[in-house]
Structure formats: structure tokens, C-alpha cells
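# Fold and geometry: a report
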Amino acid sequence: MHLTASDTGTERGATWLKAGGLRPTRQRLALAALLVGDGQNRHVTAESLYALSSSAGEKVSLATVYNTLRAFCDAGLMNEVVVDGSKSYFDTRTDDHPHFYWEDSHRLTDASAEELEIASLPQAPEGMAISRVDVVIRLRKA
Ligand SMILES: [Zn+2]
């Protein structure tokens, strides 16, 4: 059988949803194909994924996109990176890695993890454990 680019994308999306134990509803499949269909990692906001899905002809509301991204995070398929308190980015790459935040264009991209060294961290308050450390390096024109 010959697969077109979008068939491959949908298959990748289906495999991805399965890995997270999520039922492949039509909307989830469509969004998953947009997120991981080309096999690349991606950083999106709810708004940018909504725009992408609209231009792909998907009838999904912004609220559904947002809730679906949350469900993908809960399933361990994506990580949420909060940049500006109000602004969440969702990352299909789930290993620990630092990010560049481009203040001019409001883009989030991966930074090299090898060059990052965290010598020590503050002790977690009693009864608490550190669950994750997010490193966001903010960039502006030099
Ligand atoms: Zn990333």
C-alpha cells in the first residue's frame, strides 16, 4: 500500500496516542498528526496549534485544542513549559532539556542540554521533592 504524507502523519499520530494510552478520537488524531506527524519535535501554544488546525481545515475550537493539549500532557506525551506566567508552550519532546525563548518573536526553541550545568539547587521545603527544573533562557537582540 502506498502511503501519502498525511496517511503517514495520521499513523504516527495514532501510534503516539496509543503510547499515551489515549483513545484516538477524530479530533485527537487530527491534532496529534499536526504535532508529531512529520516525526519532528514541536513547541506550540494552544493558539498556534489552533491556527495550524484551522488552516488544515479542522473544525476544532480553541478550547478543545487547549483541553486536548492538557490531556496530552497528563498522558505524558507532552511537557508544558510556562514562559510568561500566562503563556504556556507545549513541547512534544519530553526529556529534560533547556529552552531558548525569543522575546521578539515569542518563539520557544530547544537549547543544547550539554552546555547547561546546574551546580546545585535550593533544598526543597520539608515534605516536598523537586519534580522538575525548567530552564528557559530568554533572548533579545544583542
Ligand atoms: Zn523543547
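Use the structure listed above.
Residues numbered from 1 in each chain as written. Predicted model: local features only at pLDDT ≥ 70, side-chain atom pairs only at ≥ 80, totals over all residues.

## A few points about the pairing of strand S5 (residues 107–110)
In the case of a regular strand, side chains alternate between the two sheet surfaces. Examined bridge by bridge, strand S4 (residues 99–102) and S5 share four bridges and lie antiparallel to one another. Its bridge partner being in S5, His99 is matched across the sheet by Asp110. Adjacent in sequence and paired antiparallel, S4 and S5 are bridged by four residues, among which His106 carries a positive phi angle near 55 degrees. (Pairing = 2+ DSSP bridges. Helix = DSSP H or I, 4+ residues; strand = E, 2+ residues; numbered from the N terminus.)

## So, the sheet that holds S4
Hydrogen bonds along the backbone pair up the strands of a sheet, which may run parallel or antiparallel. Pairing in this open sheet of three strands is mixed, and the strands run S5-S4-S6 from one edge to the other. Each end of this open sheet is capped by a strand with a single partner; those strands are S5 and strand S6 (136–139). Within this sheet the neighbouring strands show an average axis-to-axis angle of 25 degrees, counted without direction. Strand direction decides the pairing type here: S4 and S6, joined by four bridges, are parallel. (Axes fitted to C-alpha atoms, helices over the stretch in contact; angles between N-to-C directions.)

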